[in-house]
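Next come the chains, spelled out residue by residue.
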Amino acid sequence: MRNGLNSNPFGLAANRKFDGYFLNDRQKGKWFEVDLLNEKGSGVNKKVRDSFVSDRIINFWMIVLIGGLLILGGRTAYMQVIQGDHFRAVAEGNRIRIRDIKASRGVIYDRYQNLLLENVSSFSLAIVPVDLPNDEIELTTLLDRLSQITGKSVEEINDLLAGQSDYSYQPVILAENLNHDQATMVEIISSEFPAVILRSASFRHYLTTPTLPSLSHILGYVGKIEENKKADYLQQGYLIDDYVGKSGLELFYEKTLKGINGKEQVEVDAFGEAKEILARQEPLSGNNLVLTIDSELQRVAEESLNKVLTSQHKGRGAVVIMNPNSGEILSLVSLPGFDNNLFSQGISQENFSNLINDENKPLFNRAISGEYPSGSTFKLIVAAAALQEGLVNPNTGVNSSGGISVGSWFFPDWKAGGHGWSNLYKALAESVNTYFYLIGGGYNDFKGLGIDKIRAYAEKLGLSKPLNIDLPNEAAGFLPSPEWKQEAKGERWYIGDTYNFSIGQGDILVTPLQVANWTAFFANGGVLYKPYLVKEVLDSNNNVISEIKPTIVSQGIVSVENIKAVNRGLRQGVTDGSSRGLSNLPIKVAAKTGTAQWSSKYEPHAWLTAFAPYDNPQIVVTVLVEEGEEGSTVALPVARDILLWWSQHR
């Protein structure tokens, strides 16, 4: 048109005066009024918006645009270059999955190949996070159905999944040991939701411990990996839901029993459904263990100890039986025991609380971890040391008139009026305290061994340090010294301390295993062996991989002649001393009783340690009854039952 209204909505140029108004820079971006004239000269008043934009706004949006392009480019480079491998793996995971195949854990036999535990097949319910539905309604429906099957709340299930990445292919276990109905329901749901997997698994079933609970301390149990240890185990090739040894042989021989997990490469479709197995690496089963333990002898020892504890209204005790010629442990009993099947499928909080709150501490292995004053069983070591140092010979006599006095202190014999004239044999047979006071600490002109020499011989025979049996948590025991007493109690060492030490009283602490091991040293003629529980390692087909040989720790500490003298005193203890209750057995036995005082409020611990046959020792039996009072009346009956059965069956 003539006024150019088709090309310019205003029909005029900037800064052009029009009917009294100017369009200038100050008016840009504001509402203003103009009179638009038509061809007839009539004016029409209109409100219009200035279409002009300032240079400042243009520059601002150019900066925003360039900045956005830079951010987009940088992010693209980061994802392609730095995170490229990760996203390629995620993309490839949508087509190819690596699935783990659990290895079967090795089993354990006793020395006669009696199976002590087995792996029982079971099913578990797992979730693969990356395959979970993206739709909220579908996801809610799925979680509700899983909650009904597992008995877990939706919140609990969400908590289990919360720690997993949405892109994780690692299955998360929601429930284990499913029954038949639960497994069937999971199989049905898995056909609808690829994220749900029914996994084949197994759990440990301990065959003997429901009726022979003392074996639980030996075998131990398995459990889930602790949260703070998962990273370490994963680096070692474990799966996040693997069970690992927690105590006993299950823990000590974890690497031997575990085996190596296998893998399979599976092609899946867009819904996560497996279509084809592309490759498979078979799992390698764990190795099996053959123990030195005689499970029948273990049962005899446990039943006898339990009978005595019940009849004497006592709650705690231990028995160690070993072969003195090798260090093989034939039986290791600690009462009370527990059923380790409680742990194999995940122990309930109620059962766990009952165990840890029991005042008798059934989870505590007294045979290797309990530390007690040794009582008169320690006199074997003191007698051997005095003979070896030449302080006495077997016939050197001491008159026991009821004890000895040092200043205002009196150190008594256990027998009122004393034992009369006593040589080494009688001193051991009747446990004459006066004899050991003298050879240990000396008296008047007679110089005894002294604390340092007694300690030296005790250390050589395995005291104050673990014997390194193949079980975890073995205690070291304790040998007091003048330096320790000064530091711990702020007191100097007195002759009375040496006297008490010489008869196994005072601050000395030993384990039942240590007592059995030094008894074996005397039984075999002077060789100190390392005690052990596993004699063979087998592959999954029970072919022998390795055989554990006896390990000699030391020998020659005491001469054979001096050992024979000590043994003669132990034999006299059975024929005419404190161990006479063993004299009517069909085999000859040598033994030493002990009564270990440890508290002014509680009864002393009862000990007995013995070996048989006397002329050709094949077995050592050590018995401890906590707060059992007299070893000759409480510990001895247990040893008698064991030796009688062994003589008839072994």
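Sequence order sets the numbering: in each chain, residues are counted from 1 along the sequence as written. In keeping with the model being predicted, local features are shown solely for residues with a pLDDT of at least 70 and side-chain atom pairs are shown and tallied solely at 80 or more, while totals for entire chains, interfaces and linings include all residues. In computing side-chain properties, one takes all heavy atoms of the structure into account and sets aside hydrogens as well as water.

Here's the deal with the overall build of the chain
Reasoning step 1: For the chain, the count of helices and strands is 22 helices and 25 strands.
Reasoning step 2: For the chain, the residues scored as buried account for 48% of the 650 residues in total.
Reasoning step 3: Throughout, a residue-residue contact means that at least one pair of heavy atoms, one from each residue, lies within 4.5 Å. Looking at the chain alone, contacts between residues at least 24 apart form 68% of all its contacts between residues at least 6 apart.
Reasoning step 4: Throughout, the Shrake-Rupley method with a 1.4 Å probe supplies accessible areas, and for residues the shown protein chains are the sole cover considered. Here the chain displays about 32100 Å² of accessible surface, and carbon together with sulfur accounts for 50% of that area. Secondary structure counts use DSSP, requiring at least four H or I residues in a row for a helix and at least two E residues in a row for a strand, with both numbered from the N terminus. A simple rule labels every residue: compare its accessible area, found with a 1.4 Å probe on the protein chains alone, to the largest value its type can have, and call it buried under 20%, exposed over 50%, or partly exposed in between.

Some points on the pairing of strand β21 (residues 544-547)
Reasoning step 1: Strands were regarded as paired on the criterion that DSSP finds at least two bridges between them. Taken together, the three bridges between strand β20 (residues 534-538) and β21 define a ladder with antiparallel strand orientation. Counterpart to Leu538 in the pairing with β21 is Val544.
Reasoning step 2: Following β20, the chain reverses through five residues before pairing antiparallel with β21; Asn542 in that reversal takes a positive phi of roughly 65 degrees.

Here we look at the side chain of Ser326
Reasoning step 1: Along the chain, Ser326 turns up in the loop between β13 (317-322) and β14 (329-335).
Reasoning step 2: On the basis of relative accessible area, Ser326 is assigned to the buried category, the value being 7%.
Reasoning step 3: A distance of 3.2 Å separates a polar atom in the side chain of Ser326 from the backbone nitrogen of Glu328.
Reasoning step 4: For Ser326, the residues in contact, after removing those within four places along its chain, are Tyr529, Lys530, Tyr532 and Pro550. Polar contact is defined as a pair of N or O atoms within 3.5 Å, subject to the rule that within protein one atom must be able to donate a hydrogen and the other to accept it, and that residues adjacent in sequence are counted only when both atoms are side-chain atoms.

Some points on helix α16 (residues 433-441)
Reasoning step 1: Counting buried positions along α16 yields nine of nine residues, so the element is predominantly enclosed.
Reasoning step 2: Burial in α16 covers these residues: Asn433, Thr434, Tyr435, Phe436, Tyr437, Leu438, Ile439, Gly440 and Gly441.
Reasoning step 3: Once α16 finishes, Gly442 follows within two positions and takes phi at roughly 80 degrees, a positive value.

Digging into the confidence of the model for the chain
Reasoning step 1: With 87% of its residues at a pLDDT of 70 or more, the chain shows a mean pLDDT of 86.
Reasoning step 2: In this model residues 1-52 is a low-confidence stretch, pLDDT under 50, and it forms 59 contacts with partners more than four residues away in sequence or in other chains. Predictor confidence is given residue by residue as pLDDT, running from a minimum of 0 to a maximum of 100.

What about a nonpolar patch on the surface?
Reasoning step 1: A contiguous nonpolar surface patch, about 600 Å² in accessible area, is contributed by Ile58, Met62, Leu65, Ile66, Leu69 and Leu70.
Reasoning step 2: With respect to the helices and strands, the residue Ile66 is situated in helix α1 (residues 55-82).
Reasoning step 3: Residue classification places Ile66 among the partly exposed positions, given a relative accessible area of 45%. Patches draw on residues past 30% relative accessible area with no salt bridge. Two like charges within 9 Å are joined, as are two nonpolar side chains (Val, Leu, Ile, Met, Phe, Trp, Tyr) within 5 Å. Salt-bridge detection follows one rule: a side-chain nitrogen of Lys or Arg within 4 Å of a carboxyl oxygen of Asp or Glu.

Concerning the sheet that holds strand β5 (residues 117-127)
Reasoning step 1: Across the sheet, three strands lie side by side as β6-β5-β7; this open sheet has antiparallel pairing. The open sheet terminates on both sides in strands that have one partner only, identified here as β6 (172-175) and β7 (196-206). The sheet shows a mean angle of 50 degrees between the axes of neighbouring strands, taken without regard to direction.
Reasoning step 2: Bridge count between β5 and β7: eleven bridges; the pairing is antiparallel. If you follow Phe123 over to β7, its bridge partner there is Ser200.
Reasoning step 3: In this analysis an axis means a line fitted to C-alpha atoms, helices contributing only their contacting stretch, and an angle means the value between N-to-C directions, from 0 to 180 degrees. Relative to β6, helix α4 (residues 154-162) is tilted by about 160 degrees, and along the sheet it contacts β5 and β6.
Reasoning step 4: With respect to the sheet, helix α5 (residues 180-192) is in contact with β5 and β7, its orientation differing from that of β7 by roughly 155 degrees.

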